[in-house]
Amino acid sequence: MARLEEYRSIVGSDTLEELALLARPLAGKSVLNVNSTAVGGGVAEILSRMVPLLQELGLDARWEVVKGGEDFYAVTKKFHNALHGDPTTVTPKDFQVYEDTLDENLTRLPLEEDFIFIHDPQPAALVKKRRALKNRWMWRCHIDLSRPSPAVWEFLKPYIEQYDACVFSAPSFAQSLRVPQMLIAPSIDPLSDKNRELPTTEVRDILERLGIPNDKPLVTQVSRFDRLKDPLGVIEAFLKVKPYINARLLLVGGTADDDPEGAQVLAEVRERAKADPDILVLSLPPTSHVEINAIQRASAVIIQKSLREGFGLTVSEALWKGKPVIAGAVGGIPLQITHKHSGALVHTTDGAAYWLKVLLNDPAFAQRLGESGREHVKQNFLLTRHLREYLMLFHAVLNPGTDMIRL
Ligand code: UDP
């Protein structure tokens, strides 16, 4: 696991000094992160890197996962889709399953740390314990909340308003709430297995081991098999331009413990992929970080055609590797891509098809987009910036209503 010192050559000494300065007054404070899965998806990806670095900075940071049965994950996936604007019907029984499961978790989790950092809606109602405690609670929402279904949002809102602060990834997700809202974008770790530099020989060996041929340029989408990532739309876009390009499409995904819909979506994708032998579908275990890294590096173009997206770490991961990215203009993606400067933003399948043709037929332009994207990620979406903003958040919730905090 990378130590902070190893980031110096990437982010510079000032950044590390600032982190040390911000962390010093917080030394010894305990921080408990709670989410709903230990592996799979962006939240687990970030926590696995963030928690050790907070520890290295002197905070007593830990990470717990709420436990629930299949019924709980079915309900929270419904919540997830509904908060993303899907008109799913949520029943009173669903709300009951949610409350009962979190009540069971409350008997197991003392939640007495100085800072309780709750990630996403799944564990949000744990805050009901808060009245009995004197610590600080933060709700970190990683999802695209720009058009939430009122039924689910109105159910969650009274819980959210018991937190000391909420954190959203993009300005368009802000809500009308009685508690302070902060804007903190997620990040990628440049030194993790997912993102570190890889020798070309290792990239080649990994692709060979995975059975991915290298005779044609690769167009890749890396995503959980989730309808909101629009894997069928990616296939449709690819098929539209197939006669004009020489490329192979690769859809790589895995499952997350808290996502019960993955298997069904994967089956639909496999069925649709039969349309063309140049479409490959690969399901990998959630720990395949170096494999994903190699696949992203081996790709000519990365696509992330999401229909809704909290942030989309896969976009920054690809840009960091200097890749041209075509991505849905939704949620947190436009924070990462400026259209025609650091990637291509699309609204439709036709748009994705058009940009596939442009980028595959003009590699020099594609390379320029990737290079600008890498610089943008370096300036804005690396883990050290994220860490600095979390430390500032801790100071802010410890000093509510204060204009100036002396370090
Ligand atoms: N990911 C992975 N294996 C997969 C699919 C995704 O390791 O098969 C990783 C991906 O590289 C990224 C994270 O899971 O780090 C997904 O985060 P993102 O914000 O893109 O989407 P989320 O899954 O959180 O909606």
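Please refer to the structure placed before this passage.
Attention in this report is confined to the structure presented alongside it. (Residues numbered from 1 in each chain as written. Predicted model: local features only at pLDDT ≥ 70, side-chain atom pairs only at ≥ 80, totals over all residues. Heavy atoms only, no water.)

What to know about the overall build of the protein chain
Secondary structure assignment for the protein chain yields 15 helices and twelve strands. On C-alpha atoms alone, the protein chain measures out to a radius of gyration of 21 Å, which is about the 22 Å that the 2.2 N^0.38 rule sets for 407 residues. Along the first, second and third principal axes, the C-alpha atoms of the protein chain reach 65 × 55 × 35 Å. For the protein chain, the proportion of contacts with a sequence separation of at least 24, taken over those separated by at least 6, is 72%. The averaged location of the 52 negative side-chain charges in the protein chain is 2 Å from the averaged location of its 48 positive side-chain charges. (Helix = DSSP H or I, 4+ residues; strand = E, 2+ residues; numbered from the N terminus. Rg over C-alpha atoms; globule rule 2.2 N^0.38 Å. Contact = heavy atoms within 4.5 Å. Lys, Arg positive; Asp, Glu negative; His and termini not counted. Charge placed at Lys NZ, Arg CZ, Asp CG, Glu CD.)

Observations concerning a nonpolar patch on the surface
Taken together, the side chains of Leu21, Ile405 and Leu407 make up a nonpolar region of the molecular surface, amounting to roughly 250 Å² of accessible area. Its place among the elements puts Leu407 in the segment after α15 (383-398). (Patch = residues over 30% accessible without salt bridge, like charges linked within 9 Å, V, L, I, M, F, W, Y side chains within 5 Å. Areas by Shrake-Rupley, 256 points an atom, 1.4 Å probe, with all protein chains shown as cover. Salt bridge = Lys/Arg side-chain N within 4 Å of Asp/Glu carboxyl O.)

Description of the pattern of salt bridges
Taken as a whole and judged by the stated rule, the model has 32 salt bridges. Among the ionic pairs, Arg3 bridges to Glu56, the shortest N-O distance being 3.9 Å. Of this pair, Arg3 sits in the segment before α1 (8-11) while Glu56 sits in helix α3 (residues 42-56), placing them 53 residues apart in sequence. Note that Arg209 is salt-bridged to Glu291, the shortest N-O span being 3.7 Å. Taken together, the positions of Arg209 in helix α7 (residues 200-209) and Glu291 in helix α10 (residues 289-298) put the pair 82 residues apart, joining distant regions of the chain.

Structural notes on the site of the ligand
Every one of the 16 residues lining the ligand counts as a neighbour, but Gly42, Arg224, Lys229, Gly253 and Glu317 are closest to it. Within the complex, the protein chains bury 90% of what would otherwise be the 540 Å² of accessible surface of the ligand. For the shell around the ligand, the secondary structure elements donating two or more residues are α3 and α11 (313-320). Of the residues forming the shell around the ligand, the biggest block, three residues, is contributed by α11. Of the residues belonging to the shell around the ligand, the class tally is three nonpolar, seven polar and six charged. (Near = heavy atom within 4 Å. Nonpolar A, V, L, I, M, F, W, Y, C, P; charged D, E, K, R; others polar.)

A look at the packing of helix α2 (residues 13-23) against α15
Across the interface, α2 lies against α15 with an axial gap of 10 Å and an inter-helix angle of 20 degrees. One way to sum up the angle between α2 and α15 is to call them roughly parallel. α15 is crossed by α2, and the crossing has left-handed handedness. Between α2 and α15, the contacting residues are Thr15, Glu18, Leu19, Leu22 and Ala23 on the first element and Thr384, Leu387, Arg388, Leu391, Met392 and His395 on the second. Taken together, the residues of the contact of α2 with α15 break down into six nonpolar, three polar and two charged. (Axes fitted to C-alpha atoms, helices over the stretch in contact; angles between N-to-C directions. Parallel < 35°, antiparallel > 145°, perpendicular 65-115°, else oblique. Left-handed = near helix turned anticlockwise from the far one by under 90°.)

Quick word on the pairing of strand β7 (residues 218-222)
Within β7, five of the five residues are buried, which leaves it mostly tucked inside the rest of the structure. Taking every second residue as pointing to the same face, both faces of β7 are buried, with Leu218, Thr220 and Val222 on one and Val219 and Gln221 on the other. Note: β7 against strand β8 (residues 248-253), five bridges, orientation parallel. Residue pairing for β8: Val222 is matched across the bridge by Val252. The parallel pair β7 and β8 is bridged by helix α8 (residues 231-241), and the resulting crossover is right-handed. By the bridge criterion, two bridges tie β7 to strand β10 (residues 301-304) in an arrangement that is parallel. Bridged to Val219 within β10 is Val301. (Buried < 20%, exposed > 50% of the residue type's maximum accessible area, 1.4 Å probe, protein only. Pairing = 2+ DSSP bridges. Right-handed = clockwise from strand over helix to strand, strands pointing away.)

Structural notes on empty space enclosed by the protein
Think of a ball as big as a water molecule: rolled over the atoms, this probe shows where empty space is left. This model, assessed by the stated rule, comprises two cavities of 30 Å³ or more. Approximately 70 Å³ is the volume found for the largest cavity. Lining the largest cavity we find Glu45, Ile46, Arg49, Ser187, Ile188, Asp189, Ser192, Asn195, Glu317 and Leu383. Here the lining of the largest cavity takes three residues from α3, the largest share from any one element. Looking at side-chain class alone, the lining of the largest cavity contains three nonpolar, three polar and four charged residues. In this structure, the second largest cavity encloses a volume near 40 Å³. (1 Å grid on protein atoms, 1.4 Å probe; cavity = no way out; pocket = protein on both sides within 12 Å on 5 of 7 lines; lining within 4 Å. Points joined across faces, edges and corners; volume = space filled by probe spheres on them.)

Topic: the environment of Leu360
Topologically, Leu360 is positioned in helix α13 (residues 349-361). On the accessibility criterion, Leu360 (17% relative accessible area) is buried. With 113 residues separating them in the primary sequence, Leu360 and Ala247 have C-alpha atoms 8.1 Å apart.

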